[in-house]
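Analysis of the macromolecular model
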Amino acid sequence: MLKYIIKRVLITIPILLSVILIVFFALNVIPGSPAEVMAGEKADQAAIDAITEEWRLNDPVMVRFWHYVTNVVKGDFGTSYKLRMNVSQQILNAFPNTLKLAVAGLFFAWIVGIPAGVISAVKRNTFIDHFFMGFSLFGISVPVFFSALLAQWIFGVKLGWLPVAGLSSWQHLIMPAVVVGWASTGSVTRLVRSNLLGVMRHDFIRTARAKGLPEGRVIMGHALKNSLLTVITVMALQIATMLGGAVVTESVFGIAGLGRITVDALSSRDMPMLQGAILFQTMLIVGANLIADIMYSVVDPRIRV
Amino acid sequence: MKKILILLLGMVLLLTAFAGCTQNGADPGPPDDDGDKEPARKVVRVGYDTDMSSMDPQRETRFWMVGLNVFDTLLKVETLGLGETELVPHLAKSWDVSDDGLVYTFQLRDDVYFHNGDKLTASDVVYTMYRLFDPADPKGNAWYASPIEGARAMRRGETDEVGVVALSEFTVEFTLEAPNAAFLAIMSTAPTSILSEAATEAAGDDFGTDPAKTIGSGPFTILNWVPNNYYSFVKNEDYWGEKPDLDEAIVKIVPEPDTLSLMFMAGEIDILDLDKATSQTKYFTENPVYKDKLVVWQRMQSIYLQLNFLEKKFQDLRVREAISLAIDRQGIINSIWQGAATPLHGVLPNGLLGFNPDLPKMEYNVARAKELLTEAGYPNGFEMTMYRTASGTNNVNAVFEILQAQLGEIGITVKIETMDNATYVAHRNTGEMEASVMPWAADFNDPDNYLGTFFAAGSHGRSINYESFNPEAAQRVVELKSVNDHGERIAGYQEVEKQIMDDWGWIPLVVPDHIWVLADNVVSYDPLWNGWADMDFTTVKMKD
């Protein structure tokens, strides 16, 4: 088991290196100089030249790349061109907000999605099945943008139950979490339902029933456990996506998270900030996949071999 | 058993990461309910769609909230009425100008203290200017003060002296390169805010990034700034001038305009800038509930269409005129600004110094436009590309689609190319951008701020390239800067503007109004003279 984990961790190193490489060179190819953005809309050429010089933007790309990689290895993600602040600090400031949203959103998605899937499978083709399927289809298809504004209008303005935007208390978290979680609920519900239906046809379920187990134990103890493998993959990917920052949700609810930082850095050509944010998100995704792989081997020992 | 253990371990890890990060100095957002703590405190909360990039007034090029509220300038612009402004003494209590218009001597007030308790003296003014031009640490706003002798050379690293000297503790002398009638107006802008030498030097790189170390002498101090989240100001109890009515001002950063208006309706912000939510204009302006709660101001902003003179088809004045004739300005106003704008007929917007109300009015005449195109040899029109930035104002970007349709009426096929801001600026700076619609807002009240930017010889004028078409007029724009006589100078600018309009060097579109909606707890708010979104919080009065 330990050997397996070490092997998996070592594989992530070349992945991270190639991400740095690709991001760095891609950002150098796209047009638009950070100096022009930093100097501002109305600045003259002298200001742009001076800023180019100050940040050594005219150095050969290989020199800058080497400089960047050696600093990253030392744990230094550099200073934001735009804000002149430490990149790691900015990421650490934004990440808790993204994390709160992700944890709360996924909590909602799973706590609703898994039971809904199980119930739909058990009560297949009944009203309750159709209801949950409709609910999940709606969650998948309605853009977050729309459901967010609708929720803000109803619960924030008309009913006044919840704050419209911001993230300064736990009440602020409810609306964005439900909105962002709802979209994920859909896929979890449908996946649990179809997997469970597939598993229910297996011989071991018939055996379990034949030996007189109550239906609840058959479903929860035997069927559900065996149908969770693909669900875990999807859940791990959901974690990774959510931790990367939900740009639209963060914008609509005025949450200062990773998604906003990334988009903002891209539009201002703030290279150190953008590289830092992307690298951080890569680590999260690689990490989430790693956890998913380890979870598989816990749930299904055959994978370890 | 083992499985459950690992699962539990995973959960615990996730939770500790969560807790760890929160303690890392992260700030979830501004406090919302001040009501139950100290009911007497007056706090105004406003929403903004974009955050500033620095609190340093010499670096921040787009947002002047900090400059206006935390720092002071030598002079101040006082608004008398629409388009009527007066420069009044501020840090400088009086000044003399030499006969040749080159030397300005300012007498400073002797009762001004920075937020750290240090007295503001002439040496701080000198320090501020040297810092602005420092070639080793370039500032985006350095161009504002270019008229000062040696400023350009110092920025290129060719000299280490500029024309600013402290004559005594409270007397400071500025020498200009050439007479410049706009100089006093420039010294009233946020980029020329006076910094404290001691505090700024002590702060080093933290000046502009650390609220506690970003010190000015203004009516507010900065309490907090969490980028992309919010920033806040608190009243400076020891302010030398009239103390603000507010105790605190909080600026929340919310990129989504519809969210901003919902926040206003739910009472989470107290002043709504309708610029950020134009789609809601009708809802607020026609709703009787808000009738007495609207603040309407005309901005000193021209929205214009630029056509590059380097393009062969745009060298034919008939083509330029045809394009202008095909544009239904009122239609644009009704559909985008819901009526809250006026058509523009020249380069300068109404209210700016030198505005000429007698310029011929822009016409809308599709038949005549078609004739002109045919005469010019384009009976079937042509194709053109108009560029815009993805981060541009929603309203200005919406103009592109309308122009696409309106120009389509006379056979011109408009291709719209949307770029992110950096790419757009890079393309425009090559001088080769074919066409674009942009807004230009007045930085200071002088025609040079417009004409000098777009039509002066020696630059491509943001891809208009007027000099290539009419070099004499472009040269005249440069010369007018150093004409000393006010009347002669303004008349000169009006002549050049007329010439530019005759050459269709600039296709004027509209001047939008700027409307704010105040919540019940806000008594009044006065916009800046130029109608910008930046707020001077000393003008906000709240209910007790």
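Summary of the structure given here. Being a predicted model, the structure only gives us computed values, none of them experimental.

1. Some remarks on the overall build of chain A
Looking only at helices and strands, chain A has 13 helices and 0 strands in total. Principal axes of the C-alpha set define a box for chain A whose edges measure 85 × 55 × 30 Å. In chain A, which comprises 305 residues, the share counted as buried stands at 51%. A separation of at least 24 residues holds for 72% of the contacts in chain A among residues at least 6 apart in sequence. Accessible surface, chain A: about 14,500 Å² in total, of which carbon and sulfur atoms supply 70%. Distance between charge centres in chain A, computed from 25 positive and 16 negative side chains, equals 18 Å.

2. Re the overall build of chain B
Within chain B, the secondary structure is distributed over 17 helices and 20 strands. Compactness check: chain B gives a C-alpha radius of gyration of 26 Å against a globular reference of 24 Å for 544 residues, within 12% of the reference. In terms of overall dimensions, chain B has a C-alpha envelope of 80 × 75 × 55 Å along the principal axes. A burial count over chain B gives 59% of its 544 residues as buried. Taking all contacts inside chain B whose residues are at least 6 apart in sequence as the whole, residues at least 24 apart take part in 69%. Element-wise, carbon and sulfur atoms account for 50% of the exposed surface of chain B, whose accessible area totals about 21,100 Å². Here chain B carries 44 positive and 82 negative side-chain charges, and the mean point of each set is 5 Å from the other.

3. Digging into the packing of helix α5 (residues 87–122) of chain A against helix α10 (residues 215–243) of chain A
Residue and element names in this part refer to chain A. Two elements in contact, α5 and α10, have axes separated by 11 Å at closest approach and are oriented at 150°. It follows that α5 is roughly antiparallel to α10 by the angle criterion. Crossing angle aside, the handedness with which α5 passes α10 is right-handed. Contacts between α5 and α10 involve Phe95, Thr98, Leu99, Ala102, Gly105, Leu106, Trp110, Ile114, Val118 and Val122 from the former and Ile219, Leu224, Met235, Gln238, Ile239, Met242 and Leu243 from the latter.

4. Some remarks on helix α12 (residues 258–267) of chain A
Among the residues making up α12 of chain A, those that are buried are Leu258, Gly259, Arg260, Ile261, Thr262 and Ala265 of chain A. Positive phi shows up at Arg269 of chain A, right after α12 of chain A, with a value of about 55°.

5. Focus on the interface of chain A and chain B
Facing the 55 residues of chain A at the interface are 56 residues of chain B. Carbon and sulfur atoms supply 61% of the area that chain A and chain B bury against each other, a total of about 4,700 Å² over both sides. Our enumeration of links across chain A and chain B arrives at 1 salt bridge. For Asp420 of chain B, the salt bridge identified is with Arg269 of chain A, shortest N-O distance 2.6 Å. On the surface where chain A and chain B come into contact, there are 6 residue pairs in polar contact (both at pLDDT 80 or more). The set of elements that each furnish at least two residues to the side of chain A that touches chain B consists of α2 (34–39), α3 (45–54), α5, α7 (144–158), α11 (247–252), α12 and α13 (271–299) of chain A. Ranked by residues supplied to the side of chain A that touches chain B, first place goes to α5 of chain A with 9 residues. Partitioning the side of chain A that touches chain B into residue classes produces 30 nonpolar, 13 polar and 12 charged.

6. Here's the deal with the sheet that holds strand β4 (residues 92–97) of chain B
Residue and element names in this part refer to chain B. With respect to topology, 4 strands assemble into an open sheet ordered β4-β5-β7-β6, the strand pairing being antiparallel. Each of the sheet's edge strands pairs with one partner strand only, and the pair in question is β4 and β6 (164–168). Strand-to-strand twist of the sheet, defined as the mean angle between neighbouring strand axes without regard to direction, takes the value 25°. Taken together, the 5 bridges between β4 and strand β5 (residues 103–108) define a ladder with antiparallel strand orientation. Bridge pairing links Trp95 to Phe106 in β5. Here helix α3 (residues 122–133) sits on the sheet and contacts β5, β6 and β7 (171–175); the angle it forms with β6, its principal contact strand, is near 175°.

7. Looking at the pattern of salt bridges
Applying the stated criterion to the full structure yields 30 salt bridges over all chains. One salt bridge in this structure joins Asp59 of chain A and Arg56 of chain A, with 3.1 Å as the shortest N-O distance. Taking the shortest distance from any N to any O, the salt bridge between Asp446 of chain B and Arg489 of chain B comes out at 2.7 Å. Placement of Asp446 of chain B in the loop between β17 (435–441) and α14 (448–455) and of Arg489 of chain B in helix α17 (residues 486–502) is noted, with a sequence separation of 43 residues between them. This pair shows no difference in class: Asp446 of chain B is buried, exactly as Arg489 of chain B is. Counted as one network, the salt bridges with shared partners bring together Asp56, Arg59, Arg131, Asp137 and Lys139 of chain B.

8. Things to note about unusual backbone geometry
All names here are of chain A. Unusually for a residue other than glycine, Arg56 sits at a positive phi of about 55°. Mapped onto the elements, Arg56 comes out in the loop between α3 and α4 (61–73). Notably, Arg269 is not glycine yet its phi reads approximately 55°, a positive angle. The residue Arg269 is located in the loop between α12 and α13 in this model.

9. Here's the deal with a nonpolar patch on the surface
On the surface, Phe146, Leu150, Trp153, Ile154, Phe155, Leu159 and Trp161 of chain A cluster together to form a nonpolar patch covering roughly 680 Å² of accessible area. Looking at the secondary structure, you find Trp153 of chain A in helix α7.

Cut-offs applied
Residues numbered from 1 in each chain as written. Chains lettered and ligands numbered in written order. Predicted model: local features only at pLDDT ≥ 70, side-chain atom pairs only at ≥ 80, totals over all residues. Heavy atoms only, no water. Helix = DSSP H or I, 4+ residues; strand = E, 2+ residues; numbered from the N terminus. Buried < 20%, exposed > 50% of the residue type's maximum accessible area, 1.4 Å probe, protein only. Contact = heavy atoms within 4.5 Å. Areas by Shrake-Rupley, 256 points an atom, 1.4 Å probe, with all protein chains shown as cover. Lys, Arg positive; Asp, Glu negative; His and termini not counted. Charge placed at Lys NZ, Arg CZ, Asp CG, Glu CD. Rg over C-alpha atoms; globule rule 2.2 N^0.38 Å. Axes fitted to C-alpha atoms, helices over the stretch in contact; angles between N-to-C directions. Parallel < 35°, antiparallel > 145°, perpendicular 65-115°, else oblique. Left-handed = near helix turned anticlockwise from the far one by under 90°. Buried area = accessible area lost by both parts, 1.4 Å probe. Salt bridge = Lys/Arg side-chain N within 4 Å of Asp/Glu carboxyl O. Polar contact = N/O pair within 3.5 Å; in protein donor to acceptor, adjacent residues only side chain to side chain. Nonpolar A, V, L, I, M, F, W, Y, C, P; charged D, E, K, R; others polar. Pairing = 2+ DSSP bridges. Patch = residues over 30% accessible without salt bridge, like charges linked within 9 Å, V, L, I, M, F, W, Y side chains within 5 Å.

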